[in-house]
Amino acid sequence: MFSPKIRLALAIAVAIASWSLAWVSIRAAVTHYSAGELALGRYLVASLCLLPFWLRRRPRFERRDFPLLLGAAICGFTIYNLAINEGEKTITAGAAAFVASTIPIFATLCAHFLLGERAKSATYVGGAIALAGVFLIALGEDRSAGSWSEALGQFSLSKGAILVLIASVSAAFYNVFQKKLFRKYSALDVTCAAIFLAVLTFLPFGWTLPAAVQSAPAPATWHLIILGVFPGALGYVLWSWALSQLSVARLVPFLYLIAPLSIPLGYVLLGELPSSLALVGGALSLFGVLFAARK
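Described below are features of the structure shown in this document. (Residues numbered from 1 in each chain as written. Predicted model: local features only at pLDDT ≥ 70, side-chain atom pairs only at ≥ 80, totals over all residues. Heavy atoms only, no water.)

## Brief notes about the overall build of the protein chain
Right, so step 1: Counting its regular elements, the protein chain contains 14 helices and zero strands.
Right, so step 2: Sequence-distant contacts in the protein chain: of pairs separated by 6 or more residues, those separated by 24 or more amount to 86%.
Right, so step 3: With an accessible surface of roughly 13900 Å², the protein chain has 69% of that area assigned to carbon and sulfur atoms. (Helix = DSSP H or I, 4+ residues; strand = E, 2+ residues; numbered from the N terminus. Contact = heavy atoms within 4.5 Å. Areas by Shrake-Rupley, 256 points an atom, 1.4 Å probe, with all protein chains shown as cover.)

Take a look at the structure:
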């Protein structure tokens, strides 16, 4: 029906759109669910969606690779989701997405130091620029300081922006674990296994989920389900397939579209915009990321 190029373009577009929506849905859901409850609910839904793929493929992992799988689950899902869920309680979806746009830079640096891959000097310069942008976002999104000028004067940083930055670093390590596992297993099998393990790690943080579902309003629960079906399951499946068709270097730059898409989605669906200083920081951060990615 569609040519291979069109199918690939559609897969990337849907994955990026679903992950852009994720920042907005998290922001909408965390007002009624704790960080742990939202993470557990989201990936329970994602697990149910991915279970048929797992049962059909029935992959087998060697016992010696279990530590890598557990590391991938903890870094890519447990720490990452608990941090962004808690972080988005205090910063807008667009600002959080801008902070997370630093993931490719951290992933490149981790691959350089841990896997021996070469990193260009532009990666370090771009990383420094992007972190300066994150610093401005953290200043601009500190609601307790009033205006951004007050934030500058008080040197007050947003806890939420710092948490999302921690999540970005954690996601970078997830990419390193993935790369090691991809030498022996498919992207889909690794993703499914990591998500299933992550659900177990979320249990101590989200065991109150049943009570939260009963008390939360329907829109918040629908956002939780959307997070599981689209960004949690569909987004990862399509991205994994695209990764099997393209090199990492060619595919990763598409992640930079997430932040610019999240801002209008946040405005349309939630009626919120990042602060002016956060927008300046987001633009600086995005410039740093693009500078690091240039050839």
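There's more to say after this.
## Some details on a nonpolar patch on the surface
Right, so step 1: A cluster of nonpolar side chains, namely Phe 66, Leu 70, Ile 74, Ile 79, Ile 162 and Ile 166, defines an oily patch on the protein surface of about 450 Å² accessible area.
Right, so step 2: Secondary structure elements with two or more residues in the nonpolar patch: helix H3 (66-87) and helix H8 (159-181).
Right, so step 3: With four residues, the single largest contributor to the nonpolar patch is H3.
Right, so step 4: On the accessibility criterion, Leu 70 (31% relative accessible area) is partly exposed. (Patch = residues over 30% accessible without salt bridge, like charges linked within 9 Å, V, L, I, M, F, W, Y side chains within 5 Å. Salt bridge = Lys/Arg side-chain N within 4 Å of Asp/Glu carboxyl O. Buried < 20%, exposed > 50% of the residue type's maximum accessible area, 1.4 Å probe, protein only.)

## Describing the side chain of Ser 47
Right, so step 1: Inspection of the secondary structure puts Ser 47 in helix H2 (residues 35-57).
Right, so step 2: Polar side-chain contacts of Ser 47 include one of 2.7 Å to the backbone oxygen of Tyr 43.
Right, so step 3: Other than its neighbours up to four places away in sequence, Ser 47 contacts Ile 195, Phe 196 and Val 199. (Polar contact = N/O pair within 3.5 Å; in protein donor to acceptor, adjacent residues only side chain to side chain.)

## What about the environment of Ala 28?
Right, so step 1: You can see Ala 28 is positioned in helix H1 (residues 4-29).
Right, so step 2: A relative accessible area of 15% means that Ala 28 is categorised as buried.
Right, so step 3: Taking the C-alpha atoms as reference points, Ala 28 and Ala 93, separated by 65 residues in sequence, lie 9.1 Å from one another.
Right, so step 4: With residues near it in sequence (within four places) discarded, Ala 28 still touches His 223 and Leu 270.

## Focus on the packing of aromatic side chains
Right, so step 1: For the coordinates displayed, the defined rule picks out eight aromatic pairs.
Right, so step 2: On the numbers, 6.1 Å between centres and 15° between planes, the contact of Trp 54 with Phe 61 is stacked.
Right, so step 3: Using a relative accessible area of 22% as the deciding quantity, one classes Phe 61 as partly exposed. (Phe/Tyr/Trp six-rings, centres within 6.5 Å; stacked < 30°, edge-to-face > 60°.)

## Focus: the side chain of Ser 262
Right, so step 1: Summarising the element assignment, Ser 262 is placed in helix H13 (residues 258-270).
Right, so step 2: A distance of 3.1 Å separates a polar side-chain atom of Ser 262 from the backbone oxygen of Ser 20.
Right, so step 3: Apart from residues lying up to four places away in sequence, Ser 262 is in contact with Ser 20, Trp 23, Val 24, Ala 93, Gly 94 and Ala 97.

## As for the environment of Ala 187
Right, so step 1: Inspection of the secondary structure assignment puts Ala 187 in helix H9 (residues 187-206).
Right, so step 2: Residues Ala 187 and Val 237, 50 residues apart in the sequence, show an inter-C-alpha distance of 8.5 Å.
Right, so step 3: Other than its neighbours up to four places away in sequence, Ala 187 contacts Phe 182 and Ser 240.

## Considerations on the packing of helix H4 (residues 93-100) against H8
Right, so step 1: The interhelical angle for the contact between H4 and H8, taken along N-to-C directions, is 35°, at an axis separation of 8 Å. Once H4 is placed against H8, the crossing between them reads as right-handed. Together, Ala 96, Val 99 and Ala 100 of H4 and Ala 161, Val 164, Leu 165 and Ser 168 of H8 make up the contact between the two elements.
Right, so step 2: Each residue belonging to the contact of H4 with H8 can be placed in one class, and the counts come to six nonpolar, one polar and no charged. (Axes fitted to C-alpha atoms, helices over the stretch in contact; angles between N-to-C directions. Left-handed = near helix turned anticlockwise from the far one by under 90°. Nonpolar A, V, L, I, M, F, W, Y, C, P; charged D, E, K, R; others polar.)

## Comments concerning the nonpolar core
Right, so step 1: One finds Trp 23, Tyr 33, Leu 38, Tyr 43, Phe 77 and Phe 202 to be the most contacted residues of the largest nonpolar core, which totals 77 residues.
Right, so step 2: With eleven residues, the single largest contributor to this core is H1.
Right, so step 3: Not counting residues up to four positions away in its chain, the partners in contact with Tyr 33 are Leu 38, Lys 89, Leu 209, Ala 212, Val 213, Ala 216, Ala 220, Thr 221 and Leu 224.
Right, so step 4: In terms of nonpolar packing, the next biggest core, distinct from the first, is built from five residues, Phe 106, Ala 107, Ala 172 and Val 176 among them. (Core = buried A, V, L, I, M, F, W, Y, C linked by side-chain atoms within 4.5 Å.)

## Comments concerning the pattern of salt bridges
Right, so step 1: Scanning the entire structure with this criterion turns up six salt bridges.
Right, so step 2: A salt bridge links Glu 272 to Arg 27, with the shortest nitrogen-to-oxygen separation between them at 3.1 Å. Highlighted residues: Glu 272 in the loop between H13 and helix H14 (276-293) and Arg 27 in helix H1, separated in sequence by 245 residues. Both residues of the pair, Glu 272 and Arg 27, belong to the buried class.
Right, so step 3: The partner of Glu 62 in a salt bridge is Lys 184, with the nearest N and O atoms 3.0 Å apart. Placement of Glu 62 in the loop between H2 and H3 and of Lys 184 in the loop between H8 and H9 is noted, with a sequence separation of 122 residues between them.
Right, so step 4: A residue is classified by how much of its surface remains accessible, and Glu 62, at 36% relative accessible area, is partly exposed.

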